[in-house]
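Topology and contacts: notes
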Amino acid sequence: MAVQRPTHPRKVQRATPPRFPLGNPPSVRLHGELVDAEGILARRRAFQRRLKLRWDIIWDMTLNLDIAEGHNWANHLDEALQGKRGDLQLARLARKIAKADGRKEAAVRKGLDRLRLKPHGDGGTYGRLLAQHFPSRRAEATGRYLGQYHGPVADLPASVRLRLIEAHDTSSFSRLPSAGWLHVARASIAVSGERWDEARQALDRVDDRAPVLLRLEVHSVRAFVFSRSDRPRAQGELNAMRALLDARGTREAAGDEDFACYEARWADQQAYERYKPIEGSPDLPGADQLYRALPEDGPPFVRLRRALGLSIIHLLGGDVESAEVQAAEAADLAGDLGLLRLRAQALRQLARCARARGDNDRMDALNRRAGSIARTLEDQNLAGRIRPDLR
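Figured I'd write up the structure that's included with this text. The model shown is predicted, which means the values in this text are computed figures rather than measured ones.

Conventions adopted
- Residues numbered from 1 in each chain as written.
- Predicted model: local features only at pLDDT ≥ 70, side-chain atom pairs only at ≥ 80, totals over all residues.
- Heavy atoms only, no water.
- Helix = DSSP H or I, 4+ residues; strand = E, 2+ residues; numbered from the N terminus.
- Buried < 20%, exposed > 50% of the residue type's maximum accessible area, 1.4 Å probe, protein only.
- Contact = heavy atoms within 4.5 Å.
- Areas by Shrake-Rupley, 256 points an atom, 1.4 Å probe, with all protein chains shown as cover.
- Polar contact = N/O pair within 3.5 Å; in protein donor to acceptor, adjacent residues only side chain to side chain.
- Salt bridge = Lys/Arg side-chain N within 4 Å of Asp/Glu carboxyl O.
- Phe/Tyr/Trp six-rings, centres within 6.5 Å; stacked < 30°, edge-to-face > 60°.
- Lys NZ or Arg CZ within 6 Å of the ring centre and 35° of its normal.
- Arc of directions from axis to C-beta.

Our focus in this paragraph is the overall build of the chain. When its secondary structure is counted, the chain shows 20 helices and two strands. Across the 391 residues in the chain, those meeting the buried criterion constitute 45%. Residue pairs in contact within the chain that sit at least 24 positions apart in sequence constitute 58% of those at least 6 positions apart. By element, 50% of the accessible surface of the chain is carried by carbon and sulfur atoms, the whole surface being about 22200 Å².

Turning our eyes to something else, we now look at the environment of Val206. Along the chain, Val206 falls in the loop between helix H10 (196-204) and helix H11 (212-226). With a relative accessible area of 8%, Val206 lands in the buried category. For Val206 and Gly180, which are 26 residues apart along the polypeptide, the C-alpha to C-alpha distance reads 5.1 Å. Ignoring sequence-local partners within four residues, the contact set of Val206 consists of Gly180, His183, Val184, Leu214 and Val218.

In this section: the environment of His150. Its place among the elements puts His150 in the loop between helix H7 (137-147) and helix H8 (158-168). Distance from His150 to Arg265, taken between C-alpha atoms, is 8.9 Å for residues 115 residues apart in sequence. Discounting chain neighbours no more than four positions away, the residues touching His150 are Asp258, Cys261, Tyr262, Arg265 and Phe301. Engagement of the side chain of His150 in a polar contact is seen with the side chain of Arg265, the distance being 3.1 Å.

We now examine the pattern of salt bridges. Working definition: two side chains of opposite charge can pair if their charged atoms are close together. A complete count under the given rule lists 17 salt bridges for this structure. Of the charged contacts, one joins Asp169 and Arg186 as a salt bridge, the two residues approaching to 3.1 Å between their closest N and O atoms. Here Asp169 is found in the loop between H8 and helix H9 (180-192), whereas its partner Arg186 is found in helix H9, with 17 residues between them in sequence. Among the residues examined, Arg186 registers a relative accessible area of 26% and is labelled partly exposed. One salt bridge in this structure joins Asp288 and Arg292, with 2.9 Å as the shortest N-O distance. With Asp288 and Arg292 both in helix H15 (residues 284-292) and four residues apart, this pair spans about one turn of that helix. For Arg292, a relative accessible area of 42% gives the class partly exposed. A network of salt bridges, in which partner residues are shared, links Asp155, Arg341 and Asp379.

As enumerated under the stated definition, the model contains three aromatic pairs in all. Taken together, a centroid distance of 6.5 Å and an interplanar angle of 80° make the contact between Tyr149 and Phe301 edge-to-face. Of this pair, Tyr149 sits in the loop between H7 and H8 while Phe301 sits in helix H16 (residues 300-316), placing them 152 residues apart in sequence. For the cation-ring pair, Arg228 lies above Phe224, with the distance from its terminal atom to the ring centre recorded as 4.1 Å.

Structurally, the position occupied by Ser220 is in helix H11. We classify Ser220 as buried; its relative accessible area is 3%. In this structure the side chain of Ser220 is engaged in a polar contact, spanning 2.8 Å, whose partner is the side chain of Gln269. Among all residues touching Ser220, those that are not within four sequence positions of it are Met241, Arg265 and Gln269.

Here we come to unusual backbone geometry. Non-glycine residue Glu194 carries a positive phi angle of around 60°. Following the sequence through the fold, Glu194 ends up in the loop between H9 and H10. Residue Glu194 is classed as partly exposed on the basis of its relative accessible area of 37%. Even without glycine at this site, Glu378 takes up a positive phi of about 55°.

Attention now goes to H10. Restricting attention to buried positions, one finds in H10 the residues Ala199, Ala202 and Leu203. Each buried residue of H10 lies within a common arc of 100° when the element is viewed along its axis, so the set occupies one face.

What follows is the structure, given as structure tokens:
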């Protein structure tokens, strides 16, 4: 007689749901409870559809930028595979590249596999193909962080910024379109040290076919460099920047916030050419119009540039009270945002207002604060705009 084995008290007998040839059962008994299997499957299918539609957004959320880590081909390949490391996903990626470039799929797949073995090399042919057909958004974001004047890294000390640039200036990153941002970042550091020839040489290394954001940055920095020695060339760079801003597709490529920031930077540099011309009298109404055209409810950087610019125009026009109000607003905005360079400029503008009022003690105190920020940022150019004895 067969002995029936006792059921473990902690184990729950699961009922096997019957197979329905015409669809899923309306309900099954799972763990002793009646479950709406059809509803669960419907919700699961709906979730999978949403997941597929919003995959780009979910992937963007995983791109938590770590600018201390340089680019390598293994991470670039994972990004192109959207985090899926299976053979099927790699085969699909190789097929797309092979079809687009007219190569054999097997050769492309072997080349992509070799990128994982040498992640820090120059990548060779298949690194170039991967970067060409699947640009790294992580590398592009890192480049923007390192090179943009209105970005957060620009307010780090020059020595820290240089170490970050050197950490990313690898043979793999140099093969990417984003590598031009490193040249702009080096030019920005050279500007801080008033090494104008070095800044021009770094900007000349950027490819003319670079992405639109990078070209906008190059035009803006070049205009600033030439404004110290060659004003006609500076105006030419500003004209090229304006044409690029007005070109079709620039706003979509740049994004609303970056586009607004570049608009503000162009307006500020163009206003400088008007209120401080080489020849003739200043065009204060024209400069004032440029600043007032900036939106009052725009991004914080735009609002700060607007307030600081209007303060300059008011002070040049003799309205010290309005100039001081606008400068104080700019200083508060810069402090709230942690933009130290613009904070120093706002304090310097407040010092000018204090001098116009005849309050020399307040002027000296404000200049000392601005000079302290300039020394912290290791920015000789910014310190040079403050009184020499307070650098």
